[in-house]
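Geometric and topological summary
Given next are the chains, with one letter for each unit.
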Amino acid sequence: MAPSIRVSPETYNGLRKMIDASYANTISGVLERFVEEEGFMPEKQNAVSGTATEEEVTEERVREYGIVEKDGSGFVPAEGRGSSFSKEEQEEIINILGDSVRNYRYQRDAMREVFGKYNGDKNKAIRAYAWLEENSYAPRKNNTHNFGSMYYAEALYNDGVKKGWLK
């Protein structure tokens, strides 16, 4: 889960003004850019050289946070990313989902299919949906907040249960 912080209403309004002034697209983006510009952002470390190139950081963020828009500069196809699922987990998901392993136009449709195949088992449905997303079967149109596939799958599951479109 992403960390959260509390700010005063005045600070929040100031952050919103920075978004309106095109400083960044989100409050998280404003904070990240500010911390980076002030020199307080920790550098990504590379095991070989001790520092990371911009391409390595982008690829790591894609692995860590999930899918980036296909037209975006940070897009890495599924074949180029490392999977967070073992071979055995992947085979099990494929076996259980069967013909449900296909490209989905809508994320809710993918979650409904997974929910049904796992008889509502929250943890298994979330893992299976995350696998579908990670392998580009249920892509997000955008990932403004850089949520990882597992985090997003859980939020989608909870939304479906709460709003009643998962039964």
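You'll find the structure just up there.
These notes cover the structure that comes with them. (Residues numbered from 1 in each chain as written. Predicted model: local features only at pLDDT ≥ 70, side-chain atom pairs only at ≥ 80, totals over all residues. Heavy atoms only, no water.)

**Focus: the packing of helix α1 (residues 9-20) against helix α2 (residues 27-37)**
In contact at an axis separation of 9 Å, α1 and α2 are set at 90° when each is read in the N-to-C sense. Relative to α2, the element α1 is oriented roughly perpendicular. Contact residues: α1 offers Tyr-12, Leu-15, Arg-16, Met-18 and Ile-19, while α2 offers Ile-27, Val-30 and Leu-31. Residues that form the contact of α1 with α2 fall into these classes: seven nonpolar, no polar and one charged. (Axes fitted to C-alpha atoms, helices over the stretch in contact; angles between N-to-C directions. Helix = DSSP H or I, 4+ residues; strand = E, 2+ residues; numbered from the N terminus. Parallel < 35°, antiparallel > 145°, perpendicular 65-115°, else oblique. Contact = heavy atoms within 4.5 Å. Nonpolar A, V, L, I, M, F, W, Y, C, P; charged D, E, K, R; others polar.)

**A short note on unusual backbone geometry**
Positive phi outside glycine occurs at Asn-119, with the angle close to 50°. With respect to the element layout, Asn-119 can be found in the loop between α5 (107-117) and α6 (122-134). Given a relative accessible area of 73%, Asn-119 falls into the exposed group. One non-glycine residue, Ser-136, lies in positive phi territory at about 65°. Looking at the secondary structure, you find Ser-136 in the loop between α6 and α7 (149-163). (Buried < 20%, exposed > 50% of the residue type's maximum accessible area, 1.4 Å probe, protein only.)

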